[in-house]
Amino acid sequence: PFLLLLAAYESWLSYKKQRYLLSLKWVLLEIKPPPDVQKSPKIAENIFSGLHAAYIMSVTWKQRFFEGNVQPWFSFEIVGNGGEIGFYARVPEGLRNLVEAQIFAQYGDAEIKIADDYVNLLPEYLPDDDYDMWGTELVFTKPDAYPIKTYPFFEEESGKDEFKRTDPLAPLAEIMSSLEPGEHLWVQLLIRGTSDVWAKEAKAEVDKLMGKEPKIERDALGKAVDFIDQLLPGGAPAAEEKKKEEFSLMKLSGGQKFVLDQVEHKIAQLGFKSGYRFAYLARKDRFRMSRISAVTGFFKQFYLNNLNSFRPNKFTWTLARGWFSWLFPSDKGFGYKRQEFKRKWYLYQNYKKRVFVRQFVMLSVEELATLFHLPGIGVKAPAFPRVEAKKGQPPPGLPTR
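Residues numbered from 1 in each chain as written. Predicted model: local features only at pLDDT ≥ 70, side-chain atom pairs only at ≥ 80, totals over all residues. Heavy atoms only, no water.

Caption draft 1: Focus on the nonpolar core. Core analysis: the largest hydrophobic core is formed by 59 residues, its most contacted members being Phe48, Phe74, Tyr107, Ile191 and Tyr276. In this structure Ile191 touches Phe48, Leu51, Trp73, Phe74, Phe76, Phe272, Lys273, Ser274, Phe356 and Leu368, once residues within four positions along its chain are discounted. Among the nonpolar cores identified, the runner-up in size contains 16 residues, and Ala115, Tyr131, Ala279 and Tyr351 belong to it. (Core = buried A, V, L, I, M, F, W, Y, C linked by side-chain atoms within 4.5 Å. Buried < 20%, exposed > 50% of the residue type's maximum accessible area, 1.4 Å probe, protein only. Contact = heavy atoms within 4.5 Å.)

Caption draft 2: Highlighting the environment of Leu21. Checked against the element boundaries, Leu21 lands in helix α1 (residues 2-23). Note on Leu21: relative accessible area 22%, which makes it partly exposed. Taking the C-alpha atoms as reference points, Leu21 and Asn69, 48 residues apart in sequence, are found 8.2 Å from one another. In contact with Leu21, not counting residues within four places along its chain, are Val70 and Trp73. (Helix = DSSP H or I, 4+ residues; strand = E, 2+ residues; numbered from the N terminus.)

Caption draft 3: View of the environment of Arg343. Residue position: Arg343 is located in helix α11 (residues 336-353). With residues near it in sequence (within four places) discarded, Arg343 still touches Lys314, Phe315, Trp317, Thr318 and Leu319. A polar side-chain atom of Arg343 sits 3.3 Å from the main-chain carbonyl oxygen of Leu319. (Polar contact = N/O pair within 3.5 Å; in protein donor to acceptor, adjacent residues only side chain to side chain.)

Caption draft 4: Molecular detail of unusual backbone geometry. Note the cis peptide between Leu126 and Pro127, where omega equals 0 degrees. For Pro127, the position within the fold is in the loop between β4 (111-114) and β5 (131-140). In this structure, Arg354 is a non-glycine residue whose phi angle is positive, near 55 degrees. Looking at where Arg354 falls in the secondary structure, it is placed in the loop between α11 and β9 (361-364). The buried category is assigned to Arg354, whose relative accessible area is 1%.

Caption draft 5: Focus on the packing of aromatic side chains. For the coordinates displayed, the defined rule picks out 26 aromatic pairs. Here Phe299 and Phe310 contribute two aromatic rings whose centre-to-centre distance is 6.5 Å and whose plane-to-plane angle is 75 degrees, an arrangement assigned as edge-to-face. Residue Phe299 is located in helix α10 (residues 289-300), and its partner Phe310 is located in strand β8 (residues 310-312); the two are separated by eleven residues in the primary sequence. Residue Phe310 is classed as buried on the basis of its relative accessible area of 12%. (Phe/Tyr/Trp six-rings, centres within 6.5 Å; stacked < 30°, edge-to-face > 60°.)

Caption draft 6: The arrangement of a nonpolar patch on the surface in detail. A cluster of nonpolar side chains, contributed by Trp323, Phe324, Trp326, Leu327 and Phe334, occupies part of the molecular surface with about 660 Å² of accessible area. With respect to the helices and strands, Phe334 occurs in the loop between β8 and α11. A residue is classified by how much of its surface remains accessible, and Phe334, at 49% relative accessible area, is partly exposed. (Patch = residues over 30% accessible without salt bridge, like charges linked within 9 Å, V, L, I, M, F, W, Y side chains within 5 Å. Areas by Shrake-Rupley, 256 points an atom, 1.4 Å probe, with all protein chains shown as cover. Salt bridge = Lys/Arg side-chain N within 4 Å of Asp/Glu carboxyl O.)

In structure tokens:
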């Protein structure tokens, strides 16, 4: 009976959640960069900070149980279709004004319009006889408290002048510009606001870096046992009577200080539950594995050995080994083709529907600004879209007739 009750509860939650998601209305916005962005990606931090306003409070269990509510999320996408590049944001219709206001506040000369969904350019289900694909969702190699390499590192290495600054998105723009007709490269960044609970949990990593013992929250029974233990002869001394060696920054090496500073810098910012998903799709006669290597190299630039980096999620990676792969010299076991087909099918459908990832990572606004911003004039990739002319406001007092 207990198992049946648990199964019924999970089925009910799934049913209510699906009904709620089907009731949501979404809009896809195409964002065309201004012709002369001369600012650092830092201004994109303000966009994501403003979008955090969509998070008011966590969804309660009553809302999940009776209404199927989930926290709203946004999808920011960089798309390459046959050499043409596009920037998109898929947002709940009710939050469209919030998104547009935040973008225009930082990129006043940008152009935003409702667009037809580009995913409809390809067949409804993939892979098929004509198209193949490769992709994955990305997760961290270390705990969420550790940041990836962000845009300030690129500016320090190349200079803050716009024409000298290395833009983190420049390699991706070059890859997408080189795509031929029949090739598609889609990158999707999903974000959902959350509370500061993640930062409080991340402080355990700070304590670990500082050599402190992790704080263990004791329940009422544990506190009572500790109190009695202190009263007994030979019992453990009270916590305040224990002599602990004081922490000193002087005892840390230069590398340890650097990591500690970066971790504290990240957890001091607003955070988003995030998912990073990408897919390379192409006609089978034009499918190039070299494109996959190029995209992998793009993600490698965010790697720092003592900080964080991305790696493929082994549960979504479209590369399967099958069963008992260790028996075969090729490392391809029984049913590997079927496993690969199912993984590709699910990844493609989840991308099209912008399904939020199951295994998310925590990204700060600085990390989000690194991964998605409107590149400056230093990025001169062919076929890069920009607004062709600036738009001005009409003069005041203009007669209407």
